[in-house]
Amino acid sequence: MANIKDYKIATLGSHTALQILKGAKDEGFKTICICEKGKTKPYESYNVADEIIVVDKFKDYFEIEQQLIDQNAIIIPHGSFVAYIGAEKMMDVKAMHYGTKGILEWESDRTKERKWLLDADIKLPKIFEKPEDIDRPVIIKFHGAHGGKGYFIANTPEEFYERYKKYEGKEGHEDYVLQEYIVGVPVYSHYFYSPVTGELEIMGFDKRYESNADSIGRVAAKDQVDVGIETTYTITGNVPIVLRESLLPQIFEMGQNVVDASKKIVDGGLFGPFCLEGIIDPELNYFVFEISARIVAGTNPYVNGSPYTWLRYNEPMSTGRRVARDIKEAIEKNELEKVLG
Ligand code: AMP
Ligand code: AMP
């Protein structure tokens, strides 16, 4: 029987690396963490890496990739992996890679993402073609805006052009989307779909902790206007939430629909961890504005498991550990290719 001792688990030191590497060790794997120079401390302090490979910048990944291949390491992609290596270079990754690479193209291209989600019967916020069409609150998102930084809100075409001024001339300023602003609460739903068991699991939920959006309620409306505070959504952390239980059937159904639809767009389909990110309005409509086809940092509060994984596993089960378990089961069944892509 194939043995997990013949493989290692590797990832980049940021985002969700702590839980990925700890989870891998808990499942019995040796681990490798690729760190940027000067940023190794967390991975040493929490003792999650058997080996640390230091690079100047994450984009230098390809310079050290051979070391991973030589050690039979399986790369677990996360938000920083895609952000720093670039969705377009993902296909050049030669090391073993957990998950379907092709799906990342659908995730990172807004038009493709929308088609996929619509095929899966997911409710999406309305998109406005041009600023002149704005007839309600919209959120303006620049492509590749990292972690929500630089988003802004407008209610009318005039307001749009007024606020847009300060972005003009900046790199990428022409590439934005005008999305209906949904008033409600943000809910990010974390899923796991295993190609080994063929089952979809709900891993947990979070909301983001964003600066300055999450602090604006701490100053009076008058002061907000007087001081000219503009809302931004720079991600700084994540807050765990537990959802009203009667919403769970719908959450399962949405996840399953997304998995089923993915099989029609990419060979192998979507598997492993993924996340639907959206807003639930007062009528309990769940509008999804984005899908992440990989582990999200919102799973970080659950290193020791979430209420939902506790129901299913009776042992600490982070999303990172769930990934390692999937790989372990695939290896033991001689089906490793099922989880690589
Ligand atoms: P970082 O390695 O922290 O620069 O993150 C890489 C990318 O992952 C960022 O561009 C963010 O979009 C995303 N990201 C990082 N941390 C979080 C988080 N805690 N919650 C949501 N997204 C995150
Ligand atoms: P994103 O980077 O797309 O995950 O969005 C960052 C943040 O912007 C979210 O956590 C929400 O607070 C907010 N946001 C994004 N899209 C919408 C929307 N259509 N309606 C309301 N808020 C949104």
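Please refer to the structure placed before this passage.
Quick notes on the rules
Residues numbered from 1 in each chain as written. Chains lettered and ligands numbered in written order. Predicted model: local features only at pLDDT ≥ 70, side-chain atom pairs only at ≥ 80, totals over all residues. Heavy atoms only, no water. Phe/Tyr/Trp six-rings, centres within 6.5 Å; stacked < 30°, edge-to-face > 60°. Helix = DSSP H or I, 4+ residues; strand = E, 2+ residues; numbered from the N terminus. Buried < 20%, exposed > 50% of the residue type's maximum accessible area, 1.4 Å probe, protein only. Axes fitted to C-alpha atoms, helices over the stretch in contact; angles between N-to-C directions. Parallel < 35°, antiparallel > 145°, perpendicular 65-115°, else oblique. Left-handed = near helix turned anticlockwise from the far one by under 90°. Contact = heavy atoms within 4.5 Å. Nonpolar A, V, L, I, M, F, W, Y, C, P; charged D, E, K, R; others polar.

1. Quick notes on the packing of aromatic side chains
Reasoning step 1: Following the criterion strictly, the structure yields 18 aromatic pairs and no others.
Reasoning step 2: Consider the rings of F142 and Y164, whose centres lie 6.5 Å apart with planes at 10°: the pair is stacked. Here F142 is found in strand 7 (residues 138–142), whereas its partner Y164 is found in helix 7 (residues 157–164), with 22 residues between them in sequence. We note that F142, like Y164, is buried.
Reasoning step 3: A ring pair is formed by F160 and Y176, whose centres lie 5.5 Å apart and whose planes are at 50°; its orientation type is tilted. Of this pair, F160 sits in helix 7 while Y176 sits in strand 9 (residues 176–180), and the two are 16 residues apart along the sequence.
Reasoning step 4: Given a relative accessible area of 0%, F160 falls into the buried group.
Reasoning step 5: Take Y176: its relative accessible area is 22%, and that puts it in the partly exposed class.
Reasoning step 6: Among the aromatic residues, those joined into a cluster by ring pairs are F142, F152, F160, Y161, Y164, Y167 and Y176.

2. A word on the packing of helix 1 (residues 17–26) against helix 11 (residues 319–332)
Reasoning step 1: Contact pair helix 1 / helix 11: the axes reach a minimum separation of 7 Å and the direction vectors enclose 45°. It follows that helix 1 is oblique to helix 11 by the angle criterion. In this structure, helix 1 meets helix 11 at a crossing whose hand is right-handed. Residues Q19, I20, G23, A24 and D26 of helix 1 form the contact with helix 11, whose own contacting residues are T319, G320, R321 and A324.
Reasoning step 2: Class assignment for the residues of the contact of helix 1 with helix 11 results in 3 nonpolar, 4 polar and 2 charged.

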